[in-house]
Amino acid sequence: MKRAARAFWLSSPGAGEIRDVDLPNPGEGEVVVRALYSGVSRGTETLVFRGGVPESQHAAMRAPFQEGDFPAPVKYGYLAVGEVEEGPRELVGRTVFSLYPHQTRYVVPVSAVTPVPENVPAERAVLAGTVETAVNALWDAAPLVGDRIAVVGGGMVGCSVAALLARFPGVRVQLVDADPARAKVAQALGVDFAAPADALDGCDLVVHASATEQGLARSLELLRPEGTVLELSWYGDRQVSLPLGEAFHSRRLVIRSSQVGTVSPARRSSRTYADRLALALELLADPALDALVTGESAFEELPEVMPKLASGEIPALCHRVRYGKSA
């Protein structure tokens, strides 16, 4: 039985196209998934779309089911939700999340799909990959009850982190962004909002996710002595300057990176990626997280929509892609 599908490819930096795909027959331990929704993360995916992945990071930046190589042609993406059409009986008909690019149907191992809880709408489940990144960041940061925390950068990752921190007892959380439109998102997530100049200082922890050197410098300014900046930004091929003179040493400040794919063994040695993703999907039962989805378009429109997302003409946190029932 011949199976056909369509997939979105970056044909050259700044230009995309939809291509026809012949799917293999599923083998033992594999599933056929019909796409319902996928998500475009405006940070990483638009960096890829512009051709901004440094050559030294080509291997590290590969998505699990990526085809082709950076800068192009490449099929890239990792926020996919669909319905299992063929596979083990217990999965057929289930809604699942997978780290698959934008494609109408796909065949993947059973181990590559995670069932979406029944109380989580498929439309919201596209956020699972980013909420999993936020879970990972907070496992790395290990905030404490009563901490004073700022999240600098109100993009998709920053807002996800702020949303989870809003659940911590006694924590003062402030989302900091130069775009005043992010105040509405912060309100929906239940956290305070401030422009960079107005942010509260004396922070025990600052989570930086703005991907700008100005944001990272401001993050350092907001710390109390011996406070920590957890760096989540991905800068691609850009060089970043930091004010490490001044009071950086005398105040004994810390900058710590958080790696998206793994958790430090010293932090959560027994937790796997599957554990984090399952937890992220459970957390998505909260309807407040719908505020992170800021737009939607049809799959067929991706070649026209992606350049607008990359340029900022379409402002977005997560842009949702909708697939037809006959996808």
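Each residue is numbered by its place in its chain's sequence as written, counting from 1. At least 70 in pLDDT is required for a residue's local features to be given in this predicted model, at least 80 for side-chain atom pairs to be given and counted, and no such filter applies to totals for whole chains, interfaces and linings, which use all residues. Side-chain measures here rest on the full set of heavy atoms in the structure, leaving out hydrogens and waters.

Draft legend 1. Region of the structure containing helix H3 (residues 128–141). Taking 1.5 Å as the rise per residue, H3 with 14 residues should run 20 Å; its terminal C-alpha atoms sit 20 Å apart, in good agreement. Where burial is concerned, most of H3 is hidden: 14 out of the 14 residues are buried. Numbering of helices and strands runs from the N terminus, with a helix taken as a DSSP run of H or I at least four residues long and a strand as a DSSP run of E at least two residues long. Two residues or fewer past H3, alanine 142 is found with a positive phi of approximately 50°. Under the convention used throughout, the expected extent of a helix is 1.5 Å for every residue step, that is, one less than its residue count. Here's how the labels work: a residue is buried when its accessible area is under 20% of the maximum for its type, exposed when over 50%, partly exposed in between, all with a 1.4 Å probe on protein chains only.

Draft legend 2. Geometry of the packing of aromatic side chains. Planes of paired rings set the category: under 30 degrees apart is stacked, over 60 is edge-to-face and the rest tilted, where pairs are Phe, Tyr or Trp rings (Trp by its six-membered ring) whose centres lie within 6.5 Å. A complete count under the given rule lists five aromatic pairs for this structure. Their ring planes at 25° and their centres at 5.0 Å tell us that phenylalanine 299 and tyrosine 323 sit as a pair that is stacked. One end of the pair, phenylalanine 299, is in the loop between strand E16 (293–298) and helix H9 (302–311); the other, tyrosine 323, is in the segment after strand E17 (318–322), and 24 residues separate them in sequence. Looking at phenylalanine 299, the relative accessible area reads 1%, which means it is buried. Its relative accessible area of 8% is what places tyrosine 323 among the buried residues.

Draft legend 3. Main features of the side chain of serine 219. Counting through the fold element by element, serine 219 comes out in helix H6 (residues 213–221). In what follows, a contact means two residues having at least one pair of non-hydrogen atoms within 4.5 Å. Residues within four places of serine 219 in sequence aside, it is in contact with Val152, Val206, His208 and Val229.

Draft legend 4. Region of the structure containing the environment of proline 180. In this structure, proline 180 sits in the loop between strand E11 (172–176) and helix H5 (182–189). Taking the C-alpha atoms as reference, proline 180 lies 8.3 Å from alanine 194; in sequence the two are 14 residues apart.

Draft legend 5. Broad picture of the pattern of salt bridges. The rule for a salt bridge is simple: a side-chain nitrogen of Lys or Arg has to be within 4 Å of a carboxyl oxygen of Asp or Glu. Applying the stated criterion across every chain yields a total of 17 salt bridges. Note that arginine 34 is salt-bridged to glutamate 83, the shortest N-O span being 3.6 Å. Placement of the pair is arginine 34 in strand E3 (residues 30–41) and glutamate 83 in strand E6 (residues 80–86), with a sequence separation of 49 residues. Assessed through its relative accessible area of 12%, arginine 34 is described here as buried. Across the salt bridge formed by arginine 105 and glutamate 85, the nearest N and O atoms sit 2.8 Å from each other.

Draft legend 6. Focus on empty space enclosed by the protein. Points on a 1 Å grid over protein atoms alone make up a cavity when a 1.4 Å probe fits among them but cannot get out, and a pocket when they form an open set with protein on both sides within 12 Å along at least five of seven lines; lining residues each have an atom within 4 Å of a point. Grid points are joined across faces, edges and corners, and a volume is the space filled by probe spheres set on the points. All chains considered together, the criterion is met by one cavity of 30 Å³ or more. Taken as a whole, the largest cavity holds about 70 Å³ of empty space. As for the largest cavity, its lining consists of Phe8, Trp9, Leu10, Glu45, Val48, Phe49, Val74, Tyr76 and Met306. When contributions to the lining of the largest cavity are tallied by element, the ones reaching two or more residues are strand E1 (3–12) and helix H1 (44–49).

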